[in-house]
Amino acid sequence: MFSSLRALAPVWMSCLSVLAALAWPGLARAQADDPKATAVAQEMARLVSEATAVIGGLQADINAGKAADKTSADQLFKAFQERYAKAAGKPFEDKGDGLEGEVRKAFASSLRDTFSRFGPTMAKGGTDAFVPAFFRAELLKRFNAQMKGKAQAYATTRDKELINADWSVDKVMKGSPFVAEVSGLMKAGGLNPVTKRGDDRMMLYAPMKLGAACVACHARNGINQKEGEFGGALIAEVWIK
Ligand code: HEC
């Protein structure tokens, strides 16, 4: 029972802000399922995507050891707010009604915490000293701990392109009913988002498209990929009451 969101294809952006333009007209069918849960899942994907893009954008400076004057928690959080406002067309608020408000609140505190913890690592810098995937894993660890049983977010890719075996779908999504689904989708390597409804929750599968910077850095880590192709996925899981 997949709803493939084909209408999205043209809005794919390069690099980490793959979900920047969430005008998602193709979501009508999924929304008939559960509009609120779908909206929360979309918001989660956008939050993770824009936060990761902040760190993606700093890679040249981090590699060159020149990021020190941009990596206080306040500066990084402000950069996130700017990216979010551009992508969402409205300012970021760490509040709101119901589950979406809870998600924003948990995300904001996880983000501040991750920025504070790793700002000094970024400031010190060095080649690939703080890559986007590592940041994302730390951020999601904090967020998922706060949102257990309500909402979870994951980033993963197919086994043959894993740089770190810890981020395999089996490990990252351990216990989720969507593991087999996500494995299959990643194997196929399509670039369109997909929603899926399970018994007690729904998921949004949002593939990422490889930009030149992703390919270059992954090549340094021994993985051979091509610009414009599938480069892993963000998955947002939202429980339905
Ligand atoms: C500066 C280097 C660098 C850049 C730029 C980079 N990556 Fe990675 N990526 C890595 C490394 C290193 C790992 C393994 C992380 C680890 O060992 O924990 C990784 C892991 C991943 C993973 C698997 C685990 C996860 O948490 O997502 C995905 C998916 C991924 N990268 C996608 C991308 C995409 C898409 C881009 C570009 C938009 C990108 N990466 C840009 C270095 C990079």
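I will try to describe carefully the structure that is included in this document. (Residues numbered from 1 in each chain as written. Predicted model: local features only at pLDDT ≥ 70, side-chain atom pairs only at ≥ 80, totals over all residues.)

### Some words on the overall build of the protein chain
Next, step 1: When helices and strands are tallied, the protein chain shows nine helices and five strands.
Next, step 2: Out of the 241 residues belonging to the protein chain, those deemed buried represent 41%.
Next, step 3: In the protein chain, the proportion of contacts linking residues at least 24 apart, taken out of those at least 6 apart, comes to 66%. (Helix = DSSP H or I, 4+ residues; strand = E, 2+ residues; numbered from the N terminus. Buried ≥ 20, exposed ≤ 12 C-beta atoms within 10 Å, placed from the backbone. Contact = placed C-beta atoms within 7 Å.)

### Topic: the environment of Thr-114
Next, step 1: Position of Thr-114 among the secondary structure elements: in helix H5 (residues 98–124).
Next, step 2: Taking the C-alpha atoms as reference points, Thr-114 and Phe-135, separated by 21 residues in sequence, lie 7.6 Å from one another.
Next, step 3: Excluding residues that lie within four positions of it along the chain, Thr-114 makes contacts with Phe-135, Glu-138, Leu-139 and Arg-142.

### Remarks on unusual backbone geometry
Next, step 1: The backbone of Asp-128 shows a phi angle near 50 degrees, a positive value even though the residue is not glycine.
Next, step 2: Mapped onto the secondary structure, Asp-128 falls in the loop between H5 and helix H6 (132–146).
Next, step 3: Looking at Asp-128, the number of C-beta atoms within 10 Å reads 12, which means it is exposed.

### Description of the nonpolar core
Nonpolar side chains in soluble globular proteins tend to be buried together.
Next, step 1: Counting 58 residues, the largest nonpolar core has Ala-41, Met-44, Ala-153, Tyr-205, Leu-234, Ile-235 and Ala-236 as the members making the most contacts within it.
Next, step 2: Ranked by residue count, the leading element in this core is helix H2 (residues 35–57), at 11 residues.
Next, step 3: In this structure Ala-236 touches Ala-41, Met-44, Ala-45, Ala-153, Met-203 and Leu-204, once residues within four positions along its chain are discounted. (Core = buried A, V, L, I, M, F, W, Y, C linked by C-beta atoms within 7 Å.)

### Section: the site of the ligand
Next, step 1: Taken together, the neighbourhood of the ligand is formed by 27 residues, with Ala-133, Asn-164, Cys-214, Cys-217 and Gly-232 sitting nearest.
Next, step 2: For the shell around the ligand, the secondary structure elements donating two or more residues are H6, strand E2 (151–156), helix H9 (212–220) and strand E5 (230–239).
Next, step 3: It is H6 that contributes the most residues to the shell around the ligand, five residues altogether.
Next, step 4: Tallied by class, residues from the shell around the ligand come to 15 nonpolar, 10 polar and two charged. (Near = placed C-beta within 6 Å. Nonpolar A, V, L, I, M, F, W, Y, C, P; charged D, E, K, R; others polar.)

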